[in-house]
Amino acid sequence: MEKTLWFFAEGKQQRGPASAQLIKERIKAGKVTTKTLVWRDGMPTWQQLKDTELYDQIFVPKSPKIDDLPPPPPPPTKPLIQEVTKKPVPEQPEKQKAETTQKNLEDSENASTPRSSRSHRPKVPTKPKGEKKDLETIEQKESKIANKS
């Protein structure tokens, strides 16, 4: 706490000069409250303790300085997550890789498609049949509206 000396009213008597630490002890003893009048050199009048910087010095906790903080814990010596070891996949000749990939594709396609629809699937239409006519009709309507204006 700062070295500023304070005067304070205790009952009907003026006390001081006193450090902030002594006033804090008087607060703990119940002799001084936040409504107690205090004064220090440089203040124009006596004020309630709660309205001065003395209140912050006594009641507001200060953040510790970086130098006062304990050092951080050391880093872990073992990894927090163990690595999963992968077994190397034996090399396959290029032709065998292509055959395996093709077979896997066919197997996945067959598994997801019901047996009854595997032989003849209808082609997926690129556009619904009536869509072009509807678009032309809308374009024609827009053109007519534009021509009227």
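Quick look at the structure, then. Residue numbers run consecutively from 1 along every chain, following the written order of its sequence. Local features in this predicted model are restricted to residues whose pLDDT is 70 or higher, and side-chain atom pairs enter the listing and the counts only when it is 80 or higher, whereas totals over whole chains, interfaces and linings include all residues. For side-chain calculations, the full set of non-hydrogen atoms in the structure is used, while hydrogens and water are omitted.

### Thoughts on the overall build of the chain
- Runs of H or I in DSSP of at least four residues are treated as helices and runs of E of at least two as strands, each being numbered from the N terminus. Secondary structure summary: the chain contains four helices and four strands in total.
- Along the chain, from the amino end to the carboxyl end, the secondary structure elements read β-β-α-β-β-α-α-α.
- Classification of residues uses two cut-offs on accessible area relative to the type maximum, computed with a 1.4 Å probe and protein chains only: under 20% is buried, over 50% is exposed, and between them is partly exposed. Looking at the 149 residues of the chain, the share that counts as buried comes to 13%.
- Throughout, a residue-residue contact means that at least one pair of heavy atoms, one from each residue, lies within 4.5 Å. Considering only intrachain contacts with a sequence separation of at least 6, the fraction spanning at least 24 residues in the chain is 38%.

### Focus: the sheet that holds strand 2 (residues 13–18)
- Note on pairing: DSSP must find at least two bridges between two strands before they are called paired. If you trace the four strands from one edge of the open sheet to the other, you get 2-1-3-4, paired in antiparallel fashion. Since the sheet does not close on itself, it has two edges, and those belong to strand 2 and strand 4 (47–48), each with one partner.
- Relative to strand 2, strand 1 (residues 6–10) runs antiparallel, the two sharing four bridges. Bridge assignment links Phe8 to a residue of strand 2, and that residue is Arg15.
- Note on geometry: axes are C-alpha line fits, over the in-contact stretch for helices, and angles between N-to-C directions span 0 to 180 degrees. Running at roughly 20° to strand 1, helix 1 (residues 20–28) makes contact with strand 1 and strand 2 of the sheet.

### Examining the packing of aromatic side chains
- Two rings belonging to Phe, Tyr or Trp (six-membered ring only in the last case) form a pair when the distance between their centres is within 6.5 Å. Interplanar angles under 30 degrees mark stacking, angles over 60 mark edge-to-face geometry, and anything in between is tilted. Going through the model one piece at a time under the given rule, you end up with two aromatic pairs.
- When the centroid spacing of 5.8 Å and the interplanar angle of 45° are considered together, the rings of Phe7 and Trp39 count as tilted. In this pair, Phe7 is assigned in strand 1 and Trp39 in strand 3 (residues 37–40), connecting sequence segments 32 residues apart.
- Geometrically, the ring pair formed by Tyr55 and Phe59 is tilted, given 4.8 Å between the ring centres and 35° between the ring planes. One end of the pair, Tyr55, and the other, Phe59, are both in helix 2 (residues 53–59), four residues apart, so they sit about a helical turn from each other.

### A short note on unusual backbone geometry
- Backbone torsion omega between Gly16 and Pro17 reads 0°, so that peptide bond is classified as cis.
- Considering the arrangement of structural elements, one finds Pro17 in strand 2.

### A closer look at the pairing of strand 3
- Side chains of strand 3 alternate between two faces, with Val38 and Arg40 buried and Leu37 and Trp39 left unburied.
- Where strand 1 and strand 3 come together, three bridges link them in antiparallel fashion. Bridge pairing links Phe8 to Val38 in strand 3.
- Between the end of strand 3 and the start of strand 4, which pair antiparallel, lie six residues, with Gly42 showing a positive phi angle near 105°.

### Quick look at the nonpolar core
- For our purposes a nonpolar core is just a set of buried Ala, Val, Leu, Ile, Met, Phe, Trp, Tyr and Cys residues, chained together by side-chain atoms within 4.5 Å. Grouped together as the largest cluster of nonpolar side chains are twelve residues: Trp6, Phe8, Ala18, Ala20, Ile23, Ile27, Val32, Val38, Met43, Leu49, Leu54 and Ile58.
- Going through the elements one at a time, strand 1, helix 1 and helix 2 are the ones with two or more residues in this core.
- Ranked by residue count, the leading element in this core is helix 1, at three residues.
- If we ignore the near neighbours within four places in the chain, the residues touching Ala18 are Thr4, Leu5, Trp6, Phe8 and Ile23.

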